[in-house]
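An overview of the molecular structure
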Amino acid sequence: MKKVFLMIAVLAVSMSLFGAAVSEKASEVHVGTTALIEKAVQGEYAYDMLASGVSEIPLVRQDSTGSFHPLVAYYDTDDAKTWTFTVVDGLKWSDGVDVTAEDILFTLQYEDSAGAANLVSQTDVNGNVTEAKYESYAISEDGRSISLTLKSANVRELSNMTSLRIVPKHLYEDGEVTVEDSRVTCGPFVLESFDKAAGTITFKVNGNYPATPNVDKVVYHLFGNEDTMYMALQNGDIDFTFIYSTGVGVTYLDVLKGSKDIDVLGYSAANAPMVLVFNNSSELFSNADLRHAVACAIDYSQIAAYVGGSTAKVANTGFVPEATVGYKDTDTLVTDLGKADLYMAAAGFRRGADGKYPLSFRLTFRLDRPAQVSAAELIKTQVEAFGVSVELDGLDSASYNAKTSNKFSDNNVSFQAALFGFTSAGMGMMNGLGTIYLDKNHPVQGGAQVSDPQFTAALQKMASAKDIDEYYEGAHAMQDFYSEQMPVIALYWDSMSFAVSTRYSGYVIDNVFGLNNVETWFSIREN
């Protein structure tokens, strides 16, 4: 197998990161976000997503074309089973200590101690076993490289590394991790201050980083809602916005496009921003005919137009968007009430004297996500017009997670149908195609609770692929399963849009973190 099969660029970190000087250096760039950040420490999810673009850099990044680039480490493989990661030359922690392969190893072990299954298999309270991901590892003599051998080959292993943020072994190994310890990072910036009352997080240049960014400081402004955030963008108080795995919503896009001081950038999204997920292990939606009946009763054009907006398009039955590695062109989703009736009959349901079906299901969604609220109301209207009753189950984020995720429900997922947003990173994790959100055995996600043999066979084929052609075979089989069994429905696909201040140019879009990525800080320049 050729080592270039994943477009691996091992020659060097990108030119803009390590070398090319950029004119018109920016003193401060201001970024708006609605992320709820309480402590600003590593391990706080919302903060980690934000800091991944400045200080807590992952091992690698994935650009908007799907190609990978080194951040913490270069990468190499001969067989997609053993992957060697070599720390970038000169990379240091912000306290001046060299970053080594031992830090990568320690991070995997540290995650295992919190329940991950990197090097150690885990057994939950119900006796379910999550097998370790790696079967062995080896550190090079110079301490700069670690070779990780998977239990089975994975041609997409680099996708998982776009979310692996390492921690400093020399500060964490004693078990006493202070707030100051958790803020020692190895990115081009380091946290300068967190003012929760003022709603600002400020990062300054990390003098120990082997290259100097084109921005002196990055200041994040925490907003309570999108209305005030986009007003601040219009007023010139911030330069762009960051909501993890989300672009600018249709509600705001047309208004922002009308401003002479704002440009709109876009690219084909690899996420699935609005997904109707069935609990495939529930008494009701274990029936594929019922899943198909609901699918045929939905008006996708209406949801795309009113929820997704001008950049959204009706998705295919194969679920995953066109930007996905391994994409197969399946049938476009359509509204077909006659076919919905046939599926209801196959499921054993007949209309009553009132013309309605004796069937009701509960639709769970997050109240703090306006797009989910709108989509839920539209689905209720459409499906009830067909003759099936829908009960809306709007929840706060904590209650929602406790119903929809293996981790937060203690493996007791309890919804019937729910609206999800699948991130770009999540869609690509492990074997890709959003399978972590469907797999009943996934230790964290698994909301769709799928254990169908057809799904398992396709997943195994993807997991055991020795080259990209074999992976495509498994990926196509998985999309056939999605089309035939309808375990989840992509309510629309999107071309993600970002609004930016014309004060700067040189913004870079990252496949996982949007505009808020390391490359932006080396490419951006003041006009």
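All values reported here derive from a predicted model rather than from experimental measurement. (Residues numbered from 1 in each chain as written. Predicted model: local features only at pLDDT ≥ 70, side-chain atom pairs only at ≥ 80, totals over all residues. Heavy atoms only, no water.)

1. With respect to the packing of helix H15 (residues 453-463) against helix H16 (residues 468-485)
Between two packed helices, the angle of one axis relative to the other and the distance separating the axes together describe the packing. Put simply, the test is: Between N-to-C directions, angles span 0 to 180 degrees; the directions come from axes that are lines fitted to C-alpha atoms, helices contributing only their stretch in contact. By definition, any uninterrupted DSSP run of H or I lasting at least four residues is a helix, any uninterrupted run of E lasting at least two residues is a strand, and each is numbered from the N terminus. Roughly parallel refers to an angle under 35 degrees, roughly antiparallel to one over 145, roughly perpendicular to one between 65 and 115, and oblique to any angle outside these ranges. It is the rotation of the near helix from the far one that decides the hand of a crossing: anticlockwise by less than a right angle makes it left-handed, clockwise makes it right-handed. Contacts between residues were defined by any pair of non-hydrogen atoms, one from each residue, lying within 4.5 Å.
In contact at an axis separation of 7 Å, H15 and H16 are set at 160° when each is read in the N-to-C sense. Considering the angle they form, H15 stands roughly antiparallel to H16. Here H15 and H16 pass one another in a crossing that is left-handed. The residues of H16 that touch H15, namely those facing Gln454, Phe455, Ala458, Leu459, Lys461 and Met462, are Glu470, Tyr471, Glu473, Gly474, Ala475, Ala477, Met478, Asp480, Phe481, Glu484 and Gln485.

2. Some remarks on the confidence of the model for the protein chain
Using the following cut-off: pLDDT measures the predictor's confidence residue by residue and takes values from 0 up to 100.
Per-residue pLDDT for the protein chain averages 91, and the proportion of residues at 70 or more is 96%. Contacts of residues 1-23 to residues separated by more than four positions or lying in other chains number 55 contacts, the stretch itself having pLDDT below 50.

3. A word on the packing of aromatic side chains
The line we're drawing: Within 6.5 Å between ring centres, the rings of Phe, Tyr and Trp (the latter by its six-membered ring) count as paired, and their orientation is classed by plane angle as stacked under 30 degrees, edge-to-face over 60, tilted in between. The buried label goes to any residue with under 20% of its type's maximum accessible area, the exposed label to any with over 50%, and the partly exposed label to all in between, with areas taken from a 1.4 Å probe on protein chains only. A ring is considered to have a charge above it if a Lys NZ or an Arg CZ atom is located within 6 Å of its centre and within 35 degrees of its normal.
Under the criterion given, the structure shown has 23 aromatic pairs. Aromatic pair Tyr230 and Tyr252: ring centres 4.6 Å apart, planes at 35°, arrangement tilted. Here Tyr230, found in helix H6 (residues 226-234), pairs with Tyr252, found in helix H7 (residues 250-257); they are 22 residues apart in sequence, far enough to count as distant. In this pair, the class of Tyr230 matches that of Tyr252, namely buried. Aromatic pair Phe422 and Tyr437: ring centres 3.8 Å apart, planes at 5°, arrangement stacked. Of the two residues, Phe422 sits in strand S19 (residues 417-422) while Tyr437 sits in helix H14 (residues 435-438), which places them 15 residues apart along the sequence. As far as burial versus exposure is concerned, Phe422 and Tyr437 are alike and both buried. We note Arg351 situated over the ring of Phe386; from NZ or CZ to the ring centre the distance is 5.0 Å.

4. What to know about the pattern of salt bridges
Our working definition: Salt bridge criterion: a side-chain nitrogen from Lys or Arg within 4 Å of a carboxyl oxygen from Asp or Glu.
Per the counting criterion, the structure on display carries 21 salt bridges. With its nearest N and O atoms 3.4 Å apart, the salt bridge here joins Glu135 to Lys81. You can see Glu135 sitting in strand S8 (residues 134-139) and its partner Lys81 sitting in the loop between strand S4 (73-77) and strand S5 (82-87), a full 54 residues away along the chain. Of the charged contacts in the structure, one is a salt bridge between Lys403 and Asp393, with a shortest N-O distance of 2.7 Å. Note that Lys403 is positioned in helix H12 (residues 397-404) and Asp393 in strand S18 (residues 389-395), a separation of ten residues in sequence. In this structure Asp393 comes out as buried when scored by relative accessible area, which is 12%. Among the ionic contacts, a cluster of salt bridges with common partners joins Arg61, Asp510 and Glu519.

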